[in-house]
Amino acid sequence: MALSIGKKVPDFTLPSADGDIRLSDFRGKLVVLYFYPKDMTQTCTQQACGFRDAYSELTAHGAVVIGVSTDEVERHIRFRDKYGLPFLLLSDPDHEVCEKYGVWQQKKMYGREYMGIVRSTFLIDEEGRLIREWRNVRLKGHIDAVLQAIREYRESTSTEQKSAAAPTV
């Protein structure tokens with residue numbers, strides 16, 4: 001299933017340190033769903049810490065952040081605790097959700113080919129529809145781009161609400 005802007009994203013349930021988490025439990029909130037290759041690696045740590053550092057602004061806009069990798073829950077707990085991550089990290093060891101979102105792909109490093117997660121972020125609206133997606137993410141400026149997309153979304157929905165509330169003459 002290909003994801004399309006404006007269409008519902010696949011729902012799922014995955015384990016976390018806080019028990020099983022279902023994406024649809026976050027209806028009514030914006031969701032920043034990001035997929036990353038591996039806990040404790042340099043780039044993944046930078047990305048997680050970037051979301052951590054922007055967390056108060058993200059939550060001020062009504063967004064929740066959810067990270068997904070194939071690491072086990074115990075490794076997520078160590079990662080979360082070591083870096084003070086205030087958001088959920090979900091475990092997808094069988095990469096079923098990764099496949100649904102199209103982020104489980106063939107990769108190449110040092111001439112070796114293997115299957116893995118292609119770093120990707122999805123912004124999902126309060127109804128579970130895809131607003132924006134970033135695939136094959138490069139970190140520089142990425143968190144700012146996510147925040148900007150949220151601001152633009154909030155601005156557009158605020159304008160729509162004002163227009164809908166305006167009396168017709």
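Check the entry above for the structure.
Residues numbered from 1 in each chain as written. Predicted model: local features only at pLDDT ≥ 70, side-chain atom pairs only at ≥ 80, totals over all residues. Heavy atoms only, no water.

Enquirer: Where do I start with a negative patch on the surface in this structure?
Expert: On the surface, a cluster of negative charge is made up of Glu72, Glu74, Asp94, Glu96 and Glu99. Here aspartate 94 lies in the loop between strand E5 (88–91) and helix H4 (96–100). Residue aspartate 94 is classed as exposed on the basis of its relative accessible area, which comes to 52%. (Patch = residues over 30% accessible without salt bridge, like charges linked within 9 Å, V, L, I, M, F, W, Y side chains within 5 Å. Areas by Shrake-Rupley, 256 points an atom, 1.4 Å probe, with all protein chains shown as cover. Salt bridge = Lys/Arg side-chain N within 4 Å of Asp/Glu carboxyl O. Lys, Arg positive; Asp, Glu negative; His and termini not counted. Charge placed at Lys NZ, Arg CZ, Asp CG, Glu CD. Helix = DSSP H or I, 4+ residues; strand = E, 2+ residues; numbered from the N terminus. Buried < 20%, exposed > 50% of the residue type's maximum accessible area, 1.4 Å probe, protein only.)

Enquirer: Even after reading the chapter, I still don't get the sheet that holds strand E3 (residues 30–35), so can you show me in this structure?
Expert: Backbone hydrogen bonds are what pair the strands of a sheet, in a parallel or an antiparallel way. Sheet architecture is open: five strands sit in the order E5-E4-E3-E8-E9, paired in mixed fashion. The open sheet terminates on both sides in strands that have one partner only, identified here as E5 and strand E9 (130–135). Averaged over all pairs of adjacent strands, the angle between strand axes in this sheet comes to 20°, irrespective of strand direction. Here helix H1 (residues 42–53) sits on the sheet in contact with E3, strand E4 (63–69) and strand E8 (120–124), set at roughly 165° to E3. (Pairing = 2+ DSSP bridges. Axes fitted to C-alpha atoms, helices over the stretch in contact; angles between N-to-C directions. Contact = heavy atoms within 4.5 Å.)

Enquirer: Please explain the pairing of strand E7 (residues 112–117) as it appears in this structure.
Expert: If a strand is regular, its side chains alternate between the two faces of the sheet. As paired strands, strand E6 (residues 104–109) and E7 are joined by six bridges and run antiparallel to one another. Note on E7: the bridge partner recorded for glutamine 105 is glycine 116. Connecting E6 to the antiparallel partner E7 that follows it, the hairpin turn spans two residues, and tyrosine 110 within it adopts a positive phi of roughly 55°.

Enquirer: Can you walk me through the pairing of E8 in this structure?
Expert: For E8, the buried fraction is high: five of the five residues fall into the buried class. Here five bridges tie E3 to E8, and the two strands are oriented antiparallel to one another. In the sheet register, valine 31 faces E8, and the bridge partner there is isoleucine 124.

Enquirer: Looking at this model, I keep getting lost on H1. Mind explaining?
Expert: Within an α-helix, residues lying three or four positions from one another point in the same direction, as the helix has 3.6 residues per turn. Over its 12 residues, H1 runs 16 Å from end to end, which matches the ideal 16 Å to within 8%, given 1.5 Å per residue. Considered for burial, the residues of H1 that qualify are Cys44, Thr45, Gln47, Ala48, Cys49, Gly50 and Phe51. (Expected span 1.5 Å × (residues − 1).)

Enquirer: Before we go on, may I ask you to explain the state of the cysteines in this structure?
Expert: Here the structure, examined in full by the defined rule, presents zero disulfides. In this model cysteine 98 remains outside any disulfide bridge; the closest cysteine sulfur is found in cysteine 44, 12 Å from its own. For cysteine 98, a relative accessible area of 0% translates into the label buried. (Disulfide = S-S within 2.5 Å.)

Enquirer: When you look at unusual backbone geometry in this model, what are you seeing that I'm missing?
Expert: Both trends apply: most residues other than glycine have a negative phi, and most peptide bonds are in trans. Its identity as a non-glycine residue notwithstanding, methionine 40 has a phi of 70°, on the positive side. Secondary-structure assignment places methionine 40 in the loop between E3 and H1. Note on methionine 40: relative accessible area 30%, which makes it partly exposed. Even without being a glycine, asparagine 136 presents a positive backbone phi close to 50°.

Enquirer: I keep staring at the environment of threonine 59 and nothing clicks. Help me out?
Expert: Note that threonine 59 resides in helix H2 (residues 55–60). Along the primary structure threonine 59 and proline 10 are separated by 49 residues, whereas in three dimensions their C-alpha atoms are 23 Å apart.

Enquirer: Help me understand helix H3 (residues 73–83) in this model?
Expert: Inspection of H3 places Val73, His76 and Phe79 among the buried residues, and these make up the whole buried set. Buried residues in H3, looked at end-on, bunch into an arc of 115°, giving them a common side. Exposed residues lying more than 90 degrees from the buried face of H3 are Glu74, Asp81 and Lys82. Buried residues along H3 sit against strand E1 (13–16), H1, E4 and E5. Phi for glycine 84, located one or two positions after H3, is positive at around 60°. (Arc of directions from axis to C-beta.)

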